[in-house]
Amino acid sequence: MATAFLRTVILYFLITAGLRLMGKRQIGELEPSELVLTMMLSDLAAVPMQNFGIPLLSGLIPILTLLSLSMLLSQLSLYSLRIRRLLCGSPTVLIDHGKLRQDAMRKNRFTIDELLEELRGQGICDIKDVKYAILENSGQLSVLPWPHTQPPSADDQGIKVTDTVSLPVILVNDGRLITRNLKLCEKTMDWLKKQVHRQGLNDHRDVFLLTLDSAGKVNCIPKEKSK
């Protein structure tokens, strides 16, 4: 039992580290080569976990080989368009200037029902309202409507808008103080205690979420008392 536990832990951390090196991407957004790699890794990892007659090293070598090959091909694709196109494919235009490209849809086995579903998901009910629709390598559909079907922006109306968008930094996450972010914002513990006390709380452990943006705005959400 101890052997099975140890093998599982080692394989888990090895594959997790390998997938982290591949980059952050959701399963539904994987390129074909990445999806194949993920499926092969899961199969290879199951063999040494279930069959104790196979040395653990013999199970690790194919996994490390696949991860190394994936990283090598990813690096090569950064420098070669041909390799990138071979591994990832190329985006396909399904709607061009409001006109359906039926040959492209057949080639990619993309049905009209799937196309309409994707358009409805982006708030578009009529194909004529779309100037371009592009099927990306990840399988997602990028939709660019005609300008006259889009709501006017502030620039279109000649309205000057003050930039108030800023990225908040999390200082307290579910009662846990993130010291690195506190130093990044050039704030001290005394400053944090004052912000917590203003909310009628005794300690940062009573805070569910506390953020600070570049404009100096503090957002503090206290923890709810468990019932």
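Up top is the structure.
Residues numbered from 1 in each chain as written. Predicted model: local features only at pLDDT ≥ 70, side-chain atom pairs only at ≥ 80, totals over all residues. Heavy atoms only, no water.

Draft legend 1. Seen up close, the packing of helix H3 (residues 56-79) against helix H4 (residues 81-88). Between H3 and H4, whose axes approach to 6 Å, the crossing angle comes to 130°. What the angle tells us is that H3 and H4 run oblique. For the pair H3 and H4, the crossing hand works out as left-handed. From H3, Leu 73, Leu 76, Ser 77, Leu 78 and Tyr 79 reach across to H4, where they touch Leu 81, Ile 83, Arg 84 and Leu 87. Considered class by class, the residues forming the contact of H3 with H4 number 7 nonpolar, 1 polar and 1 charged. (Axes fitted to C-alpha atoms, helices over the stretch in contact; angles between N-to-C directions. Helix = DSSP H or I, 4+ residues; strand = E, 2+ residues; numbered from the N terminus. Parallel < 35°, antiparallel > 145°, perpendicular 65-115°, else oblique. Left-handed = near helix turned anticlockwise from the far one by under 90°. Contact = heavy atoms within 4.5 Å. Nonpolar A, V, L, I, M, F, W, Y, C, P; charged D, E, K, R; others polar.)

Draft legend 2. The nonpolar core, seen in detail. Ranked by internal contacts, the top residues of the largest apolar core, which has 14 residues, are Leu 94, Leu 115, Leu 119, Val 130 and Leu 141. For this core, the elements supplying multiple residues, two or more each, are strand S1 (92-96), helix H5 (102-107), helix H6 (112-121), strand S3 (130-135) and strand S4 (141-145). If one sorts the elements of this core by residue count, S3 sits on top with 3 residues. Excluding its chain neighbours within four sequence positions, the residues that come into contact with Val 130 are Ile 95, His 97, Gly 98, Leu 119, Ile 124, Val 143, Leu 144, Pro 145 and Trp 146. Of all hydrophobic cores here, the second largest spans 12 residues; its members include Leu 171, Leu 182, Leu 201 and Leu 212. (Core = buried A, V, L, I, M, F, W, Y, C linked by side-chain atoms within 4.5 Å. Buried < 20%, exposed > 50% of the residue type's maximum accessible area, 1.4 Å probe, protein only.)

Draft legend 3. Representation of the pairing of strand S5 (residues 169-173) within the structure. In the sheet, S5 pairs with strand S7 (residues 207-212) via 4 bridges, with the strands oriented antiparallel. Note on S7: the bridge partner recorded for Val 172 is Leu 210. Relative to strand S6 (residues 176-177), S5 runs antiparallel, the two being bridged by 2 bridges. Note that in S6 the partner of Val 172 across the bridge is Leu 177. From the end of S5 to the start of S6, which pair antiparallel, there are 2 residues, and Asp 174 there has a positive phi angle of about 55°. (Pairing = 2+ DSSP bridges.)

Draft legend 4. Spotlight on the pairing of S1. Pairing of S1 with S3, which is carried by 4 bridges, proceeds in the antiparallel orientation. Residue Asp 96 lies in a different strand from S3, and its bridge partner there is Tyr 132. Relative to strand S2 (residues 99-100), S1 is paired through 2 bridges, and the arrangement is antiparallel. Residue pairing for S2: Ile 95 is matched across the bridge by Leu 100.

Draft legend 5. Up close: the environment of Ile 170. Of note, Ile 170 is situated in strand S5. For Ile 170 and Leu 182, which are 12 residues apart along the polypeptide, the C-alpha to C-alpha distance reads 8.5 Å. Setting aside anything within four residues of it in sequence, one finds Ile 170 in contact with Ile 178, Asn 181, Leu 209, Leu 210 and Thr 211.

Draft legend 6. A look at the sheet that holds S7. With antiparallel pairing, the 4 strands of this open sheet are ordered in space as S6-S5-S7-S8. Strands with a single pairing partner mark the edges of an open sheet, and in this sheet they are S6 and strand S8 (218-222). Contacts between helix H8 (residues 189-198) and the sheet are confined to S5, S6, S7 and S8, with S7 contributing the most and set at about 120° to the helix.

Draft legend 7. Spotlight on the sheet that holds S3. On the basis of which strands lie adjacent, the open sheet formed by 4 strands has the order S2-S1-S3-S4 and antiparallel pairing. Two strands close off the open sheet at either side, each with one partner strand: S2 and S4. In the packing of H6 onto the sheet, contacts are made with S1, S2, S3 and S4, and the angle to S4 comes to roughly 65°.

By themselves, these figures tell us nothing about what the structure is for.
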